[in-house]
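Per-entry structural report
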Amino acid sequence: MSAFDKLTTARSNNRLTSIDYINALFSDSFFELHGDRRFGDDKAVVGGIGMLRDDMPVTVIGLEKGRDTKERMERNFGSAHPEGYRKALRLMKQAEKFHRPVLCFVDTSGAFCGIGAEERGQGQAIAENLMEMMTLKTPILSILIGEGGSGGALGLAVANEVWMLENAVYSVISPEGCASILWKDSSKTAYAAECLRITAQDLFKLKVVERVIREPKSVESKMFDSLRGLIASTFDRYNDMSIDKLLDQRYNRFRVMGNNVTPLEPVVEDSNTAQT
Amino acid sequence: MFNNDLFTFLKPKNELEQSQGEAPVSSPEIPDTMWVKCPKCRALILTADLESNHKVCAKCGHHMRLSPRERISLLSDDQSFEEFDKDMVSSNILSFPDYDLKLQSARHKSGENESVVTGRCLIGGINTVLGVMDPGFMMASMGTVTGEKITRAFEYATEHSLPVVMCTASGGARMQEGILSLMQMAKTSGAVKRHSDAGLLYITVLTDPTTGGVTASFAMEGDIILSEPNALIGFAGPRVIEQTIRQKLPKDFQTAEFVEQKGFIDAVVPRKELKAAVAKLLKMHSTAAQREG
Ligand SMILES: [Zn+2]
């Protein structure tokens, strides 16, 4: 599959969303918590507490695009406002207080660009999450399940480990935006998608993600049992670390990024990168 | 007096539209070397007068963009600036098309090796780590080396118990570095947090334009956030917002004054008062060890 095919798959309306993952992993134990205690409740962010294992309550937060047209409208297609990021941070602080690990699902084309979002400090809200997540004294695991759109995705992805579904993408800018700015040519979107290295496989090579996960095809899938086990054992491992070690690991994970890889082979512009 | 078509002032573009490497849009237009035309009020100003007024139009108060060296000389005490990591240059990790050429041309045009200059200096006699971003270098987009230099500056300040002053500017991400550009937001924020947890002061000075990933990381993480008048400050650029919501934006939206009124900036400080303001704040937080001598 080309990067452009993966981009299309990652954005597909048929794809499982954060709520599907939460339901499948936590079933009836999930209790949703609303609001940022400052402005309102942003439905683009879903958060709450669930039992990952009988002995493991977890704070779970997801960017939610919505599963049908009506819900997608209500949830602003997964593009959060500042209050969404502030709700997420409130729940993370609560997790820290009660020594619960934090599990984040990322699926957004980006933080919302609008008047209200700017007036209420979209940049400040994301900046605060990056800073506070770096020293949150409990393990954090973020999983990119669909689209990881720039700062809006990173606002929930400063973690001890970041995993990606095999057809998820993660990018600093949309390939469309990149093609139009750099080449003033929207027909180069597929080429931009290759050049930007947005696929899980490329990001694994760049050491930006620790694990690429095979995709469950439906909520009934047996895949969820293995995913649940994998998440729980990862939290066990990080729970065994001292807090200092846990935070050093998270800091150093980002500290070395870009300095610990050799340059990639150039992308050849050919039929594989041509848009279909 | 002038043909408007020839001297049309280009409105600042935003993170998603800014074609990188373009000349800074509010740099003075120069009819000849003696005179400069203010891009805002179009008054003709003697170059010498403009320089002595720190590139602020005496007529309308418009603040033109400064180069990092001009900014450093504005803020630091005479000859006190010692630069860090001067020779650090970006490499093309993604093998992104034409990136090497763009870097070369940015280095040539700006005279700098990357989009940020960092170092230590005295400001009002206080030992301070100073960082200045350069809109003349690929619109001060954040590449891996930009993030690395800023992170090292904060780590140095933490290790030596020094305050940090960061003068921010940015058109947004360095697209040619893909995800690694995005990761610099987390990396720098981590270094800011460690500096903050050590009880040290961090002052940000927002300059025109501060947008995108820089706004969503270290620009908004200062203990005290100052801005130059009328600077464009935002997360998304104005045109991206207009395209998203299909509405015209109110006048003065995303100006420093607007952002201050919304509660996200401590003070808008005119350039001629900037050094005194920064020095005053540094002094109020300083320890004996940070003072000269
Ligand atoms: Zn003027």
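Residues numbered from 1 in each chain as written. Chains lettered and ligands numbered in written order. Predicted model: local features only at pLDDT ≥ 70, side-chain atom pairs only at ≥ 80, totals over all residues. Heavy atoms only, no water.

A few words on the overall build of chain B. Along chain B, the regular secondary structure elements total nine helices and nine strands. Relative to its full complement of 293 residues, chain B shows a buried share of 60%. At a minimum sequence separation of 6, the contacts of chain B that also span at least 24 residues come to 69%. With the model as given, the accessible surface of chain B reaches about 11,600 Å², and the carbon-plus-sulfur share is 52%. (Helix = DSSP H or I, 4+ residues; strand = E, 2+ residues; numbered from the N terminus. Buried < 20%, exposed > 50% of the residue type's maximum accessible area, 1.4 Å probe, protein only. Contact = heavy atoms within 4.5 Å. Areas by Shrake-Rupley, 256 points an atom, 1.4 Å probe, with all protein chains shown as cover.)

Further remarks concern the packing of aromatic side chains. Taken as a whole, this structure holds seven aromatic pairs over all chains when the rule is applied. Judged by centre distance (5.5 Å) and plane angle (35 degrees), the rings of Y21(A) and F105(A) are tilted. In this pair, Y21(A) is assigned in helix α2 (residues 18-26) and F105(A) in strand β4 (residues 102-108), connecting sequence segments 84 residues apart. For the residue pair Y21(A) and F105(A), the accessibility class agrees, reading buried in each case. When the ring of W183(A) is compared with that of F96(B), the centres are 6.1 Å apart and the planes differ by 5 degrees; the resulting orientation is stacked. Placement of the pair is W183(A) in the loop between α8 (175-182) and α9 (189-196) and F96(B) in the loop between β3 (82-84) and α3 (99-110), with the two residues belonging to separate chains. Summarising the burial analysis for this pair, W183(A) and F96(B) share the class buried. Three or more aromatic residues joined by ring pairs make a cluster, and in this case those are Y21(A), F105(A) and F224(A). Taking NZ or CZ as reference, K188(A) lies 5.5 Å from the ring centre of W183(A), over its face. (Phe/Tyr/Trp six-rings, centres within 6.5 Å; stacked < 30°, edge-to-face > 60°. Lys NZ or Arg CZ within 6 Å of the ring centre and 35° of its normal.)

All right, on to the sheet that holds strand β5 (residues 126-133) of chain B then. All names here are of chain B. Strands sit in the order β3-β4-β5-β6-β7-β8-β9 across an open sheet of seven strands; the sheet is mixed. At either end of the open sheet lies a strand with only one pairing partner, and these are β3 and β9 (267-268). Where β5 meets strand β6 (residues 164-170), four bridges bridge the pair, whose relative direction is parallel. Among the inter-strand pairings, V129 is bridged to a residue of β6, identified as V164. (Pairing = 2+ DSSP bridges.)

A general tendency of soluble globular proteins is for nonpolar side chains to be buried together. Core analysis: the biggest nonpolar cluster contains 146 residues, and L103(A), I143(A), Y170(A), L206(A), V208(A) and I231(A) have the highest contact counts within it. Looking at this core, the element that brings in the most residues is helix α5 (residues 178-197) of chain B, giving eight residues. Of all hydrophobic cores here, the second largest spans 24 residues; its members include I123(B), V132(B), L226(B) and L282(B). (Core = buried A, V, L, I, M, F, W, Y, C linked by side-chain atoms within 4.5 Å.)

With that out of the way, let us pick up the domain arrangement of chain B. Residues and elements named next belong to chain B. Each domain of chain B was delimited in the assignment, giving domain 1 (31-64) and domain 2 (65-292). The centre of domain 1, based on its C-alpha atoms, is set 25 Å off from the matching centre of domain 2. Every contact between the two is made by seven residues of domain 1 and, on the other side, nine residues of domain 2. Surface buried jointly by domain 1 and domain 2 totals about 700 Å² across both partners, of which 50% is contributed by carbon and sulfur atoms. Broken down residue by residue, the surface that domain 1 buries against domain 2 is led by H54, H63 and M64, which jointly contribute 69%. Inspection of the region where domain 1 meets domain 2 yields one salt bridge. Residues K55 and E70 are paired through a salt bridge, measuring 2.9 Å at the closest nitrogen-oxygen approach. Viewed at the interface, domain 2 and domain 1 are joined by five residue pairs in polar contact (both at pLDDT 80 or more). (Domains from an automatic or database assignment. Buried area = accessible area lost by both parts, 1.4 Å probe. Salt bridge = Lys/Arg side-chain N within 4 Å of Asp/Glu carboxyl O. Polar contact = N/O pair within 3.5 Å; in protein donor to acceptor, adjacent residues only side chain to side chain.)

Residue and element names in this part refer to chain B. Mapped onto the elements of the fold, T207 is located in strand β7 (residues 202-210). Since its relative accessible area comes to 7%, T207 is described here as buried. For T207, the residues in contact, after removing those within four places along its chain, are R71, T168, A169, E228, A231 and I233.

Quick look at the interface of chain A and chain B now. Chain A puts 54 residues into the contact, and the matching count from chain B is 58 residues. The interface formed by chain A and chain B contains four salt bridges. Residue R255(A) pairs with E155(B) through a salt bridge whose shortest N-O separation is 2.8 Å. At the boundary of chain A and chain B, one finds 13 residue pairs in polar contact (both at pLDDT 80 or more). Looking at the side of chain A that touches chain B, the elements with two or more residues in it are α5 (115-119), α6 (122-134), α7 (150-154), β7 (169-171), α8, α9 and α12 (243-255) of chain A. Split into classes, the residues belonging to the side of chain A that touches chain B amount to 32 nonpolar, 12 polar and 10 charged. (Nonpolar A, V, L, I, M, F, W, Y, C, P; charged D, E, K, R; others polar.)

Time to look at the environment of G147(B). Residues and elements named next belong to chain B. Structurally, G147 can be placed in helix α4 (residues 144-159). The exposure class assigned to G147 is buried, which follows from its relative accessible area of 0%. Taking the C-alpha atoms as reference points, G147 and Q104, separated by 43 residues in sequence, lie 19 Å from one another. In this view, G147 contacts M142, Q184, K187 and T188; residues no more than four positions away in its chain are not counted.

Where α6(A) meets α5(B), the closest approach of the two axes is 8 Å, and the angle between their N-to-C directions is 65 degrees. Viewed along their axes, α6(A) and α5(B) adopt a mutual orientation that is roughly perpendicular. By crossing handedness, the relation of α6(A) to α5(B) is classed as right-handed. Between α6(A) and α5(B), the residues in contact are I126(A), L130(A), M131(A), E132(A) and M134(A) and M185(B), A186(B), S189(B), G190(B), V192(B), K193(B) and S196(B), respectively. Here the residues of the contact of α6(A) with α5(B) sort into seven nonpolar, three polar and two charged. (Axes fitted to C-alpha atoms, helices over the stretch in contact; angles between N-to-C directions. Parallel < 35°, antiparallel > 145°, perpendicular 65-115°, else oblique. Left-handed = near helix turned anticlockwise from the far one by under 90°.)

Once that is clear, we can look at the coordination of the zinc ion. All names here are of chain B. Within the protein, C38 (SG), C41 (SG), C57 (SG) and C60 (SG) serve as the donor atoms for the zinc ion, at 2.2 to 2.4 Å. Given four donor atoms and angles of 105 to 112 degrees at the metal, the environment of the zinc ion is assigned as tetrahedral. Within one chain, the residues donating to the zinc ion are spaced in sequence as C-x2-C-x15-C-x2-C. On the basis of relative accessible area, C57 is assigned to the buried category, the value being 2%. The class of C60 is partly exposed, set by a relative accessible area of 36%. (Donors = N, O, S within 2.8 Å, 3.2 Å for Na, K, Ca; no water. Tetrahedral: all angles 85-135°; square planar, octahedral: opposite > 155°, others 65-115°.)

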